[in-house]
Amino acid sequence: MTQLPSPDAHGLAETATIAVPVPPDGLTLHRLLEHQTPSEHDFEPKLSRNQAKLRGVPELFRGSISHWLEHAQAVRASERSICFVAKLELPPDSLLRVALTEQLGRGHVDVWAHPQELLGAVVDVVRHRRRP
Amino acid sequence: MGVSAFIVQESIHADWVSRHETREDAIAGIEEMIREGLAEPGEFNIREIDSRGETVRVFGVPDAAAPAKTGVA
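As the structure is a prediction and not an experimental result, all values here were calculated from the model.

Rules behind the numbers
Residues numbered from 1 in each chain as written. Chains lettered and ligands numbered in written order. Predicted model: local features only at pLDDT ≥ 70, side-chain atom pairs only at ≥ 80, totals over all residues. Helix = DSSP H or I, 4+ residues; strand = E, 2+ residues; numbered from the N terminus. Buried ≥ 20, exposed ≤ 12 C-beta atoms within 10 Å, placed from the backbone. Pairing = 2+ DSSP bridges. Axes fitted to C-alpha atoms, helices over the stretch in contact; angles between N-to-C directions. Contact = placed C-beta atoms within 7 Å. Core = buried A, V, L, I, M, F, W, Y, C linked by C-beta atoms within 7 Å. Nonpolar A, V, L, I, M, F, W, Y, C, P; charged D, E, K, R; others polar.

Q: Help me understand the overall build of chain B, please; the structure alone is not making it clear to me.
A: Tallying secondary structure elements over chain B gives one helix and four strands in all. In chain B, the succession of α and β elements from N to C terminus is β-β-α-β-β. In chain B, buried positions account for 33% of the 73 residues.

Dropping the structure here:
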């Protein structure tokens with residue numbers, strides 16, 4: 001059960017975004033990595049301001065990256081035959097901000113944070129091989 | 001969550017780019033980015049979600065989206 005507020009529960013449009021600090025008890029999220037060993041690169045937003053504009057990404061989300069509430073949700077978001085999923089335990093007392101953005105899929109969470117902070121929150125990486 | 005949708009996302013980390021109502025619109029979005037030099041073939045794929053928001057499948061755009069590789073001098 002997520003502790004993050006959803007737009008629907010607050011009578012807002014599904015496309016509304018409610019960005020909040022990490023809840024007092026912390027928050028566990030999952031993020032797809034490029035390799036088994038996580039790096040800052042895995043947590044770095046990639047788009048410049050102009051790239052975001054040209055690709056139709058709202059400025060708000062140019063600096064956020066995708067995470068998932070559950071490991072299985074992250075795995076299903078990957079097309080790769082072998083994917084790597086990091087488990088992050090986010091602390092409450094940080095500059096991190098998170099928003100449940102489930103119009104992009106159940107359990108999808110946008111995260112705004114310094115890449116070093118996210119890298120430091122990784123507690124495990126699971127290698128997942130997709131069955132043919 | 002309402003209706004099914006097609007999410008254009010970056011292939012490795014699944015960072016989202018846009019949400020579309022149809023598969024064709026999502027493919028067209030990627031093809032346009034490739035045509036305009038904003039993306040490389042394979043850089044993005046499409047995640048289909050059902051009306052409950054669950055991921056149904058993830059697929060790449062057809063090879064036809066890639067620039068033609070002709071040997072014309």
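Still more to cover.
Q: Explain the sheet that holds strand β1 (residues 5-10) of chain B to me, please; I cannot follow it from the model alone.
A: In any sheet, the strands associate via hydrogen bonds between backbone groups, in a parallel or an antiparallel arrangement. All names here are of chain B. Pairing is antiparallel in the open sheet, where four strands are placed in the order β2-β1-β3-β4. Of all the strands in the sheet, the pair left with one neighbour each is β2 (16-20) and β4 (55-59). Neighbouring strand axes in the sheet, compared pairwise and without regard to direction, differ in orientation by 20° on average. Where strand β3 (residues 44-49) lies against β4, four bridges are found, and the strand directions are antiparallel. In the sheet register, Ile49 faces β4, and the bridge partner there is Thr55. Seen against the sheet, helix α1 (residues 23-35) touches β1, β2 and β3 and runs at an angle of roughly 20° to β1.

Q: Sorry if this is basic, but what is going on with the nonpolar core here?
A: Of all hydrophobic cores here, the largest spans 27 residues; its most connected members are Leu29(A), Leu32(A), Leu90(A), Val98(A), Val109(A) and Val111(A). Looking at this core, the elements with two or more residues in it are β2 (27-33), β3 (65-68), β4 (82-90), β5 (97-100) and β6 (108-112) of chain A. Leu90(A) has contacts with Val22(A), Gly26(A), Leu27(A), Leu29(A), Leu96(A) and Ala121(A), leaving out every residue within four places of it along the chain. Judged by nonpolar contacts, the second largest core, of 16 residues, contains Leu104(A), Ala5(B), Ala39(B) and Ile49(B).

Q: Teacher, can you tell me more about the environment of Leu4(A) here?
A: Residues and elements named next belong to chain A. The topology assignment puts Leu4 in the segment before β1 (19-20). For Leu4, a count of 18 C-beta atoms within 10 Å corresponds to the partly exposed category. Expressed as a C-alpha distance, the spacing of Leu4 and Pro23, which sit 19 residues apart in the sequence, is 7.6 Å. Those residues in contact with Leu4, other than ones at most four positions away along the chain, are Val20, Val98, Leu100 and Val109.

Q: Is there a simple way to explain the interface of chain B and chain A in this structure?
A: The accessible area lost on association of the parts is a frequent measure of interface size. Across the boundary between the two partners, chain B contributes 24 residues, which contact 20 residues of chain A. Elements with a contribution of two residues or more to the side of chain B that touches chain A: β2, β3 and β4 of chain B. Counting residues per element, the side of chain B that touches chain A draws most heavily on β2(B), at four residues. Tallied by class, the residues present in the side of chain B that touches chain A amount to eleven nonpolar, eight polar and five charged.

Q: Hey, could you run me through unusual backbone geometry in this one?
A: Leaving glycine aside, a negative phi is the common case for residues, and trans is the common case for peptide bonds. All names here are of chain B. The phi torsion at Ala14 lies on the positive side, around 65°, for a residue other than glycine. Mapped onto the secondary structure, Ala14 falls in the loop between β1 and β2. You can call Ala14 buried: it has 28 C-beta atoms within 10 Å.

Q: Help me understand the pairing of β2(B), please; the structure alone is not making it clear to me.
A: Residues and elements named next belong to chain B. Sheet topology note: the β1/β2 ladder contains four bridges and is antiparallel. Across the sheet, residue Phe6 finds its bridge partner in β2, namely His20. Two successive antiparallel strands, β1 and β2, enclose a turn made up of five residues, where Ala14 displays a positive phi of approximately 65°.

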